[in-house]
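# Chain and residue survey
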Amino acid sequence: MKACFIGLGYIGLPTAVIAADNGIEVIGVDINPEVVKSVNSGKVHFSEPGLDKICKKVTSNGTLKAYTEPQTSDVYVIVVPTPFKGNHEPDVSYVESAVTTVLPYLKEGDLCIIESTCPVGTTEKMAELIYSEKPALKDKIYLSYCPERVLPGNTVYELIHNDRVIGGIDEGSSEKAAGFYSHFVKGSLYKTNARTAEMCKLTENASRDVQIAFANELSIICEKAHINVWELIELANKHPRVNILQPGSGVGGHCIAVDPYFITSEFPIESQLIGKAREINNYKAFWCSEKILSTMKDFNLREGREPVVALMGLSFKPNIEDLRESPAKYIVSKVMQGHNNADFLIVEPNIETHKVFKLTDYAEAYDTADIVAFLVAHKEFKKLIFRDDKVILDFCGVFKK
Ligand code: SAJ
């Protein structure tokens, strides 16, 4: 079986690599020649534990080859970004253009899979696009929507072991796509229709966003009520049917902070709770920045000088180097605006250098600063010992004090 993956990013490349490692002949396609070059030399152009080794293996034994154009295959897997246009409206033009790119190669009996996160109805629209350009293929190809659900940082394991939802435009398409994934997925493959699979992907991430918003809202209430939110959640979770997530400095990354808008933009009246959760999680980052600024002001009034402030963490979640849509990065930029006098020590143990921020070692920053704001609960920070000779703003539960 030959499969052509369109898009060699955070999901496309790992999936192509794992498929190639499981007996499928894989063609990887990316419009960026640098990415193609790097993949062909066995390198992964982003950080994902364990992926480099398998990528090297499948490129050296020739089961994965990357190009800037597709090749005739049996399966086409579309894994391109779906960014926003305007006010949080999903832009499916990359998916459309990927479908258009594979059109000349599509023949009777082929399977086309969309993995990109998409608004509900996109797969049906892509079917119309294919049939309008190639009417002879109507009911002669298989088309399915099969979203990924891997956690960045644990992609290799989750790609193989997670259950998957397979949404065909008809039963034959679901069956055919399930057959394809069974080559490398050990989790269960649940078949449904394309619209349900599209909504399922959005639902999973919106559900997590809503649950985190609940924890973030609680943290703001607890601050005002002088209650330790960490202790509160731990105690509430002792209830057999309560499972509250952890508050933090906001929600980031390219999935949870993004996908709920795919629902709210299409169903604005019906998605009150989902929309509010987005607002709360965005507000939490703003609230943290305001808290740091007011603490700095209080320090100045009390001590008669500007404080040294350690801003601990830049990535969007613990123990990764990914800064996409990071609330911590937003807070750092916001706090630093108009504060030339204050001495900021910015810390991110997962990256060596940053093009805008000068980075400081975490232990040195913690030792030196008057005010320490924990923005991300990195494992290094958890090794530090709580000190009451400085002001500690623990937004993400490093000390849980
Ligand atoms: N966060 C909290 N409190 C928590 C858990 C997370 O504030 O209790 C924050 C994190 O710090 C981060 C954000 O939420 O800023 C998102 O992190 P995450 O670890 O929850 O999720 P992602 O964005 O890395 O990956 C999610 C996953 N989706 C779900 O868990 C439902 C993953 O399975 C998806 O494949 C991925 O989105 C995606 O690609 O859609």
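## Some remarks on the site of the ligand
- Close contacts around the ligand come from 20 residues, with Val150, Lys201, Asn205, Arg208 and Phe316 the closest.
- The residue makeup of the shell around the ligand, split by class, is 9 nonpolar, 4 polar and 7 charged.

## Section: the sheet that holds strand E3 (residues 64-67)
- With respect to topology, 8 strands assemble into an open sheet ordered E3-E2-E1-E4-E7-E8-E9-E10, the strand pairing being mixed. The open sheet has two edge strands, E3 and strand E10 (189-193), and neither has a second partner. Each adjacent strand pair in this sheet contributes to an overall mean axis angle of 25°, direction not counted.
- Bridging between strand E8 (residues 142-145) and strand E9 (residues 164-168) involves 2 bridges; their strand directions are antiparallel. Opposite serine 144, over in E9, you have glycine 168 as the bridge partner.

## Let's talk about the packing of aromatic side chains
- A full pass over the atoms with the stated rule returns 14 aromatic pairs.
- Ring geometry for tyrosine 366 and phenylalanine 374: centres 6.2 Å apart, planes at 45°, overall tilted. Across this residue pair, the class does not change: tyrosine 366 and phenylalanine 374 are buried.
- Through a chain of ring-to-ring contacts, the aromatic side chains of Tyr362, Tyr366, Phe374, Phe381, Phe386 and Phe399 assemble into a single cluster.
- The ring of tyrosine 10 has arginine 324 lying over it, and the distance from NZ or CZ to the ring centre is 3.7 Å.

## Structural notes on the environment of isoleucine 141
- By secondary structure assignment, the location of isoleucine 141 is in the loop between helix H5 (122-133) and E8.
- For the pair formed by isoleucine 141 and glutamate 108, sequence separation is 33 residues and the distance between their alpha carbons is 5.5 Å.
- Isoleucine 141 has contacts with Leu106, Lys107, Gly109, Asp110, Ile130, Tyr131 and Ser173, leaving out every residue within four places of it along the chain.

## Quick notes on the side chain of threonine 59
- Along the polypeptide, threonine 59 turns up in helix H3 (residues 51-60).
- Judged by relative accessible area, threonine 59 falls into the buried class, the value being 14%.
- Non-local contacts of threonine 59, meaning those with residues more than four positions away in its chain, are made with Val39, Asn40, Gly42 and Leu64.

## Concerning the packing of helix H11 (residues 272-303) against helix H12 (residues 327-336)
- Across the interface, H11 lies against H12 with an axial gap of 9 Å and an inter-helix angle of 35°. Judged by the twist between their axes, the crossing of H11 over H12 is right-handed. Of the residues in H12, those in contact with Ala285, Phe286, Cys288, Ser289, Ile292, Leu293 and Met296 of H11 are Pro327, Tyr330, Ile331, Lys334 and Val335.
- For the contact of H11 with H12, a count of residues per class yields 10 nonpolar, 1 polar and 1 charged.

## Side note on the nonpolar core
- Within the largest apolar cluster, 39 residues are counted, with the highest numbers of intra-cluster contacts made by Phe5, Leu64, Ile113, Phe180 and Tyr181.
- At 6 residues, helix H1 (residues 12-20) tops the list of elements feeding residues into this core.
- Other than its neighbours up to four places away in sequence, phenylalanine 180 contacts Met1, Ala3, Phe5, Ile24, Val75, Val77, Leu111 and Ile113.
- Judged by nonpolar contacts, the second largest core, of 27 residues, contains Ala98, Leu103, Cys112 and Leu137.

## Section: H3
- Those residues of H3 that sit buried are Leu51, Ile54, Cys55, Val58 and Thr59. Here the buried residues of H3 occupy an arc of 125° about the axis, which is enough to place them on one side. The exposed residues of H3 that point more than 90 degrees off its buried face are Lys53 and Ser60.
- Taken together, the buried residues of H3 touch H1, helix H2 (33-40), E3 and helix H6 (155-161).
- At the C-terminal side of H3, glycine 62 shows a positive phi close to 80°.

Rules and cut-offs
Residues numbered from 1 in each chain as written. Predicted model: local features only at pLDDT ≥ 70, side-chain atom pairs only at ≥ 80, totals over all residues. Heavy atoms only, no water. Near = heavy atom within 4 Å. Nonpolar A, V, L, I, M, F, W, Y, C, P; charged D, E, K, R; others polar. Pairing = 2+ DSSP bridges. Helix = DSSP H or I, 4+ residues; strand = E, 2+ residues; numbered from the N terminus. Axes fitted to C-alpha atoms, helices over the stretch in contact; angles between N-to-C directions. Phe/Tyr/Trp six-rings, centres within 6.5 Å; stacked < 30°, edge-to-face > 60°. Buried < 20%, exposed > 50% of the residue type's maximum accessible area, 1.4 Å probe, protein only. Lys NZ or Arg CZ within 6 Å of the ring centre and 35° of its normal. Contact = heavy atoms within 4.5 Å. Left-handed = near helix turned anticlockwise from the far one by under 90°. Core = buried A, V, L, I, M, F, W, Y, C linked by side-chain atoms within 4.5 Å. Arc of directions from axis to C-beta.

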